[in-house]
Amino acid sequence: MTMPAVFISDIYKKFLNVQALSGVSFEIGQGSFFGLLGPNGAGKSTLINIMAGLTRASQGTIQVMGNDVSKDWRKTRFALGVVPQELVYDSFFTVHEMLKLQSGYFGLGASNRAWIDELIETLDLTDKSDEILYRLSGGMKRRVLIAQALVHKPQVVVLDEPTAGVDVELRRVLWDLTKRLHKEGHTILLTTHYLEEAEALCERIAILDQGKVVALDSTKAIVEQFPYRFLCINLKDSSVKLPDVIQEKTVSLKGSELTLRLHRKEDRIADLLEAFYAANISFTDLRTYEPGLEEVFVALTGKKNG
Ligand code: ADP
């Protein structure tokens, strides 16, 4: 069996009185596009920080390309590139100088120049390459952070909420670059609040909730195994009292639109319509829809994303 790109085994992390991670285990196959999802406070950043050597686990092991993050820190750093969430620095170096410096830090010399130039061009930083970093706008600084994370062409690329607060153009540039690296065989680990993004891009997904993995599978299987679908009904009068059998299945009532969650095997639409007729409740329209990752996420974590 080939070695996984990321191997996470029974990770626990406690901060004073907060148990941030409780026995997290999963593997990310080499060359895959993997999504790490979960509501705020689920432990995603903590896990990524442990992987990047910024925080120590209380217990457990993480290996990146076979290197133990707590023992082979240098090798791990070489195999990993983390595009961080936040803008962290102000520097007096120019964009180009910073990337050369970062490249040198990884022991990469002149042979890496072509890749640096390509990164600068791909991220539309050409006009800014001789600009001093602290003078750049927030959006441009973000582009530099992406270039910095990728300067050594790491085998495993971690994108931590990369599109939060990012304009449409940078989002497109970032996804083009990420898809290209994925195509070239790099492993991508993405955390995002945008479940549609995750559903479209990720082959496999882990959902974390309160420091535990609550779902781990291919994106398709996670959605397909969800045993519910939804029925939307437009009520003629939204102030009517709904019978218990309907109330039990109600997900929301927004204006006149009532959404019900139906179990695929146990609930029959005909029975529910019968309940409406029996209670003398009229409606103007009805439709069913299939769940997406968003609905599965809400059902598993009990929380709306974002
Ligand atoms: P996520 O990235 O999924 O939003 P985090 O990993 O940031 O979640 O946080 C997980 C839990 O750990 C939260 O309850 C958070 O408040 C707590 N936490 C994270 N970092 C620290 C820290 N440095 N000190 C104390 N508690 C922390």
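Residues numbered from 1 in each chain as written. Predicted model: local features only at pLDDT ≥ 70, side-chain atom pairs only at ≥ 80, totals over all residues. Heavy atoms only, no water.

(A) Examining the nonpolar core more closely. Counting residues in each nonpolar core, the largest one holds 47 residues, and the members touching the most others are Leu37, Leu123, Ile146, Leu159 and Leu293. Among residues more than four places away in sequence, those in contact with Leu123 are Arg143, Ile146, Ala147, Val173 and Leu177. Core analysis: the second largest hydrophobic core is formed by 27 residues, Val24, Ile28, Phe34 and Met51 among them. (Core = buried A, V, L, I, M, F, W, Y, C linked by side-chain atoms within 4.5 Å. Buried < 20%, exposed > 50% of the residue type's maximum accessible area, 1.4 Å probe, protein only. Contact = heavy atoms within 4.5 Å.)

(B) Structural detail: the pairing of strand β7 (residues 156-160). Taken across its five residues, β7 has five buried, putting it largely inside the fold. Where burial is concerned, the two faces of β7 agree: the one with Val156, Val158 and Asp160 and the one with Val157 and Leu159 are both buried. As paired elements, strand β6 (residues 80-83) and β7 share four bridges and run parallel to each other. Residue pairing across strands places Leu80 opposite Val156, the latter belonging to β7. The sheet contact formed by β7 and strand β8 (residues 187-191) spans five bridges and is parallel. The residue of β8 that forms the bridge with Val157 is Ile188. Running through helix α6 (residues 168-183), the crossover from β7 to the neighbouring parallel element β8 is right-handed. (Helix = DSSP H or I, 4+ residues; strand = E, 2+ residues; numbered from the N terminus. Pairing = 2+ DSSP bridges. Right-handed = clockwise from strand over helix to strand, strands pointing away.)

(C) Spotlight on the site of the ligand. Every residue near the ligand is listed here: Phe15, Val18, Ala20, Pro39, Asn40, Gly41, Ala42, Gly43, Lys44, Ser45 and Thr46. In this structure, an oxygen atom belonging to the ligand sits 2.8 Å away from a side-chain N or O atom of Ser45. At 2.5 Å from an oxygen atom of the ligand is found a side-chain nitrogen or oxygen belonging to Thr46. Look at the ligand: alone it shows 560 Å² of surface, and the protein chains cover 58% of it. Taken together, the elements giving at least two residues each to the shell around the ligand come down to β2 (18-28) and α1 (44-51). The element that contributes the greatest number of residues to the shell around the ligand is α1, accounting for three residues. For the shell around the ligand, a count of residues per class yields five nonpolar, five polar and one charged. (Near = heavy atom within 4 Å. Polar contact = N/O pair within 3.5 Å; in protein donor to acceptor, adjacent residues only side chain to side chain. Areas by Shrake-Rupley, 256 points an atom, 1.4 Å probe, with all protein chains shown as cover. Nonpolar A, V, L, I, M, F, W, Y, C, P; charged D, E, K, R; others polar.)

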